[in-house]
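Examining the three-dimensional arrangement
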Amino acid sequence: VGFALPEVALTAQGEIDEQMNAAFAAFQKKDYKTALAGVDKVMKSHPEMESQLAAFRFEVMSQSGDPASAEYGWKIAEKHYWNNQQSLNQIAWNLVDDEIKYTKKPDYKIAVKIAKRANELAKEQDPYILDTYAYSLFKTGDVKKAVEVQERAVALLVSGGEIPEETKKEIRDRLEMFKKAQKK
């Protein structure tokens, strides 16, 4: 036996689902402008849903190459994800990921702050988070510290359990890239 919801709540939920399905579909088609407009419309009419939709909004902003996603990423990291190491790591990674073509460089110092917090939560024991933190440091020009952090990430790969070989190679290759940059 379920609970009877007021008709207004069912109608609102149906509208939200419809708008978000349209935003997700636009995102999948890489129509980021439409996706962002859709999620913003839902967030404006239902501000109580911000915590559920903030990560998607950030993903749309970053995938579109919007450098303002760094500031938004910081805002949602502090407000919604400060104690969630995986969410923090994902936000920081999106800011440094070379596959995302930003229209201008995002503020990598924000990525460092977010990744550092994720690393603290992980007690420096997660090679993925260490990799993100190191790459964030590297992107800000702190190559020496990036090498130190990446060396810890590589050291953890040995005991890293279910880490795919391709990922291990990427993490090791990044360490070599950092070391080459350090020699220059």
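Residues numbered from 1 in each chain as written. Predicted model: local features only at pLDDT ≥ 70, side-chain atom pairs only at ≥ 80, totals over all residues. Heavy atoms only, no water.

**Considerations on unusual backbone geometry**
Most peptide bonds take the trans configuration, and most residues that are not glycine carry a negative phi. As a reminder, the rule being used: Where helices and strands are cited, they refer to DSSP runs of H or I of at least four residues and of E of at least two residues respectively, numbered from the N terminus. Relative accessible area decides the class of each residue, using a 1.4 Å probe on protein chains only: under 20% of the type maximum gives buried, over 50% gives exposed, and in between gives partly exposed.
Residue K30 is not a glycine yet carries a positive backbone phi of 65°. If you trace the backbone, K30 turns up in the loop between α1 (7-28) and α2 (32-45). Assessed through its relative accessible area of 59%, K30 is described here as exposed. Phi angles above zero are rare outside glycine, and K123 is one such case at about 55°.

**What about the side chain of R117?**
The line we're drawing: For this analysis, a polar contact is any N or O atom pair within 3.5 Å, provided that within protein one partner can donate a hydrogen and the other can accept it, and provided that sequence-adjacent residues contribute only side-chain to side-chain pairs. Any pair of residues with heavy atoms lying within 4.5 Å of one another is described as a contacting pair.
You can see R117 is positioned in helix α6 (residues 108-121). Judged by relative accessible area, R117 falls into the buried class, the value being 16%. In this structure the side chain of R117 is engaged in a polar contact, spanning 2.8 Å, whose partner is the backbone oxygen of W82. Not counting residues up to four positions away in its chain, the partners in contact with R117 are W82, N83 and L88.

**So, helix α9 (residues 165-183)**
To keep it simple, the criterion reads: An expected span of 1.5 Å times one less than the residue number is assigned to each helix. Throughout, the arc means the angular range of directions from the helix axis out to the C-beta atoms.
Taking 1.5 Å per residue, 19 residues should reach 27 Å; α9 reaches 27 Å between its end C-alpha atoms and fits that length. Taken residue by residue, α9 has T167, K168, I171, R174, L175 and F178 as its buried positions. One side of α9 carries all its buried residues, which in axial view fall inside an arc of 125°. What points out from α9, more than 90 degrees from its buried face, is the exposed set E165, E166, K180 and K183. Elements that come into contact with the buried residues of α9 comprise α5 (85-96), α7 (127-140) and α8 (143-157).

**Some thoughts on the layout of surface pockets**
Note the cut-off: A 1.4 Å probe that fits but cannot get out identifies a cavity on a 1 Å grid over protein atoms alone, an open set with protein on both sides within 12 Å along at least five of seven lines counts as a pocket, and a residue lines either if it has an atom within 4 Å of a point. Grid points are joined across faces, edges and corners, and a volume is the space filled by probe spheres set on the points. Polar here means any residue other than Ala, Val, Leu, Ile, Met, Phe, Trp, Tyr, Cys and Pro, which are nonpolar, and Asp, Glu, Lys and Arg, which are charged; Gly is therefore polar.
Approximately 200 Å³ is the volume found for the largest pocket. Lining the largest pocket are 13 residues, and of these N89, W93, Y128, D131 and T132 lie nearest its centre. Elements with a contribution of two residues or more to the lining of the largest pocket: α5, α7 and α9. With 5 residues, the single largest contributor to the lining of the largest pocket is α5. Of the residues assigned to the lining of the largest pocket, the class counts are 3 nonpolar, 6 polar and 4 charged.

**A look at the packing of aromatic side chains**
Applied cut-off: Ring pairs shown here join Phe, Tyr and Trp side chains whose ring centres sit within 6.5 Å, with only the six-membered ring taken for Trp; geometry is labelled stacked below 30 degrees between planes, edge-to-face above 60, and tilted in between. Charge-over-ring contacts are defined here by two conditions on Lys NZ or Arg CZ: a distance within 6 Å of the ring centre and an angle within 35 degrees of the ring normal.
One pass over the full model with this rule turns up 8 aromatic pairs. When the centroid spacing of 6.0 Å and the interplanar angle of 25° are considered together, the rings of Y135 and F178 count as stacked. Of this pair, Y135 sits in helix α7 while F178 sits in helix α9, placing them 43 residues apart in sequence. Centre to centre, the rings of F138 and F178 are 4.5 Å apart; their planes meet at 25°, and the pair counts as stacked. Placement of F138 in helix α7 and of F178 in helix α9 is noted, with a sequence separation of 40 residues between them. In terms of burial, F138 and F178 fall into one category: buried. Sitting over the ring of W74, K113 keeps its end group 4.3 Å from the ring centre. Over the aromatic face of Y135 sits the side chain of R174, whose NZ or CZ is 5.3 Å from the ring centroid.

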